[in-house]
Every structure is written in structure tokens, then in C-alpha cells.
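# Observations on the three-dimensional arrangement
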Amino acid sequence: MLAFRRAVEARELEQIGELLTEDVVFHSPIAFRPYRGREMVARIINLVATILEDFTFQREIGAESDDDHALVFGARIGDLSIQGCDFVHTDAEGLIDEFTVMLRPLRAVHAFEDQMKVRFAAAMAAAPDIPKPAE
């Protein structure tokens with residue numbers, strides 16, 4: 001998790017794709033179906049970074065040698081505080097193969113969802129080659 005955490009904290013988000021398996025699965029707090037694939041998940045993480053302000057990891061749960069980790073974080077969306085947790089699983093090579101995000105409180109989650117819908121739609125329109133999730 002150290003490489004992922006460093007990339008996010010340093011805002012070096014172009015490196016995120018290198019830390020994901022080709023068939024990574026991403027469970028979003030605002031989408032019913034999971035997103036799949038390195039390019040899609042890297043794009044989502046980059047979009048999230050444009051929405052969450054003052055993002056900081058508050059703690060990491062799980063030993064470096066574990067396959068499962070939890071990264072608790074805090075951020076802002078405008079004047080609302082948001083707290084979340086990234087639940088991350090890595091494969092035998094240490095690449096992220098499953099990524100689940102939980103967020104709270106509800107009011108901040110709705111503000112996040114409103115912004116994410118707009119930015120995600122624009123990003124998908126600009127990248128028609130990325131496969132969309134099945135409805």
C-alpha cells in the first residue's frame with residue numbers, strides 16, 4: 001500500500017495505473033455495478049482527486065505484508081467534510097486487484113455524487129475507447 005499511498009499523497013496520480021492489475025475491480029460508493037479494468041479505475045481515481053479537497057490519509061490498517069488493507073481518509077467538498085475508507089486487496093505481485101470505497105456522512109456523499117456524475121460523464125465522452133460498465 002505504500003506505493004499507492006505515496007502516489008496519492010504526492011498527487012502523482014499518473015502512476016496509479018501502474019499499481020493496478022489489468023482486470024482490477026472497483027466498487028464505487030455511488031454506483032450500483034463495479035467498474036473493471038486498469039484504465040477505467042485509474043481514470044476514476046484521477047477524477048475523484050479533482051473533487052476531494054485537502055485530502056489526507058488519517059491511518060492505514062493492515063501490515064505491509066498483508067493482502068488486505070484499509071486506508072482511512074478525510075477531505076472536503078466545498079464547505080462539507082467527508083470521511084472515507086479505501087478497502088484494497090493486492091495480488092501475489094503486490095498490484096491492486098480489488099478496490100472498494102466507503103464514504104460518510106450522507107450529505108457530503110450526495111455532494112460528491114453530484115460532482116462526480118458531471119465529471120465522469122465528461123470524461124467518458126472524451127474517451128469513447130474505454131469500455132463502460134454494464135447497466
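The following refers to the structure shown. Just so it is clear, the structure is predicted and the values come from calculations on it, not from any experiment.

What counts, and where the lines are drawn
Residues numbered from 1 in each chain as written. Predicted model: local features only at pLDDT ≥ 70, side-chain atom pairs only at ≥ 80, totals over all residues. Heavy atoms only, no water. Axes fitted to C-alpha atoms, helices over the stretch in contact; angles between N-to-C directions. Helix = DSSP H or I, 4+ residues; strand = E, 2+ residues; numbered from the N terminus. Parallel < 35°, antiparallel > 145°, perpendicular 65-115°, else oblique. Left-handed = near helix turned anticlockwise from the far one by under 90°. Contact = heavy atoms within 4.5 Å. Nonpolar A, V, L, I, M, F, W, Y, C, P; charged D, E, K, R; others polar. Core = buried A, V, L, I, M, F, W, Y, C linked by side-chain atoms within 4.5 Å. Buried < 20%, exposed > 50% of the residue type's maximum accessible area, 1.4 Å probe, protein only. Arc of directions from axis to C-beta. Pairing = 2+ DSSP bridges.

## Brief notes about the packing of helix H2 (residues 38-51) against helix H3 (residues 106-126)
Running from N to C, H2 and H3 point in directions that differ by 130 degrees, and their axes come no closer than 10 Å. Relative to H3, the element H2 is oriented oblique. You can see that H2 and H3 cross each other, and the crossing is right-handed. For the pair H2 and H3, contact is made by Met40, Arg43, Ile44, Leu47, Val48, Thr50 and Ile51 and by Phe112, Gln115, Met116, Arg119, Phe120, Ala123 and Met124, respectively. Broken down by class, the residue content of the contact of H2 with H3 amounts to ten nonpolar, two polar and two charged.

## Topic: the nonpolar core
Counting 40 residues, the largest nonpolar core has Phe4 and Phe112 as the members making the most contacts within it. Elements supplying a minimum of two residues to this core: helix H1 (2-9), strand E1 (20-27), H2, strand E4 (68-77), strand E5 (80-90), strand E6 (96-104) and H3. It is H2 that provides the largest number of residues to this core, a total of nine residues.

## Structural notes on H1
Residues of H1 that are buried: Phe4, Arg5, Ala7 and Val8. Down the axis of H1, the buried set is contained in an arc of 165 degrees. They therefore lie on one face. Immediately downstream of H1, the backbone of Arg11 shows phi near 60 degrees, a positive value.

## A look at the sheet that holds E5
Two pairing modes exist for strands in a sheet, parallel and antiparallel, and in both the strands are linked by backbone hydrogen bonds. Spatial ordering of the open sheet is given by E2-E1-E6-E5-E4-E3, a layout of six strands whose pairing is mixed. Where the open sheet ends on each side, the last strands, each with one partner, are strand E2 (35-36) and strand E3 (53-61). For E1 and E6, the ladder comprises four bridges, and the chain directions are parallel. Directly across from Leu20, in E6, lies its bridge partner Ile96. Along the sheet, H2 makes contact with E1, E2, E3, E4 and E6, crossing E1 at roughly 55 degrees. With respect to the sheet, H3 is in contact with E2, E4, E5 and E6, its orientation differing from that of E5 by roughly 70 degrees.

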